[in-house]
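Structural description and commentary
Here is how the chains run, residue by residue.
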Amino acid sequence: MDGRKSASEIAKEIGISKEVVNKKYREMERLGIIKGATIHINYKSFGYKAVGHLLITVDPTQTDQLIAHFQKMPDIYALYSNGPKCNVRVVTALKTLQKLEEVKNEVKEKFQVSDLKTSLWIDVKELHRNLALLPLYSMKQQEKTATKEQPTPVSKNNVDIEEVDLKIVEKLAENGRAPLNKIAQEIGTTIHTVKRHYAKLIKNDVLKVTIQIDLTKIGYHAMAIFSSQQHCVKILFQ
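This structure is a prediction, so every number in the text was calculated from the model and none was measured.

Analysis parameters
Residues numbered from 1 in each chain as written. Predicted model: local features only at pLDDT ≥ 70, side-chain atom pairs only at ≥ 80, totals over all residues. Heavy atoms only, no water. Helix = DSSP H or I, 4+ residues; strand = E, 2+ residues; numbered from the N terminus. Buried < 20%, exposed > 50% of the residue type's maximum accessible area, 1.4 Å probe, protein only. Contact = heavy atoms within 4.5 Å. Pairing = 2+ DSSP bridges.

**Overview of the overall build of the protein chain**
The helix and strand tally for the protein chain stands at 7 helices and 10 strands. Relative to its full complement of 238 residues, the protein chain shows a buried share of 39%. Long-range contacts, defined as pairs at least 24 residues apart, comprise 71% of the intrachain contacts of the protein chain with a sequence gap of at least 6.

Structural data, given as structure tokens:
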């Protein structure tokens, strides 16, 4: 799936007119089926060691405080409120494997934790936070005034991650369908440069743009995730 595919490309693939594609897209936006577009990145390419997944149960009176605590932290990918059995689910990128343990200890010190489960994903390229099946506390871009350590550019499969790549990713994280010429203007470079770097990221599986969909709007009411050491399977229920 390509969240940046044009109406002309979609129309050609499914055999209808571009005008119909645009009309249907706008209608799905109006109905709340399409919520926008987001990105998935290969974290290892940006200097992260792994992705941590935390399931935290705290005193219900502290749920909002726990949410606020994580909202202030850098490198948080997704943050969900999951109800009384597991107040908060957190997905965070980790620059060191020890960081997950540090996060766990900090939560236990500051909050009344009755249960805390964690898992470590060491080679995950795509994480889907676009299923609005549960109340979602969407993570906004970190405020520019907040202290945030930039990931160290590294090489993966002979792909050098440069400063301009990080800027492009930051802009696409705000809007996965942002026009490349607008991104070029905002980061102070040429459209040719942005196109070249974006193509490099896509070609080398460093970045992927996907459409955000609320599946409850099209008949799905639950999602189950089954995982093992080798596989992770998601099943949607109508």
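**What to know about the pairing of strand β3 (residues 76-81)**
The buried fraction of β3 is high, at 6 of 6 residues. In this sheet, strand β4 (residues 88-94) lies alongside β3 in antiparallel orientation, the contact comprising 5 bridges. Of the residues in β4, the one forming a bridge with Ala 78 is Val 91.

**Thoughts on the pairing of strand β2 (residues 50-58)**
Burial analysis of β2 places 8 of its 9 residues in the buried class, which makes it a mostly covered element. Sheet topology note: the β2/β4 ladder contains 7 bridges and is antiparallel. Bridge assignment links His 53 to a residue of β4, and that residue is Val 91. Across 8 bridges, the pairing between β2 and strand β5 (residues 113-121) is antiparallel. Of the residues in β5, the one forming a bridge with His 53 is Ser 119.

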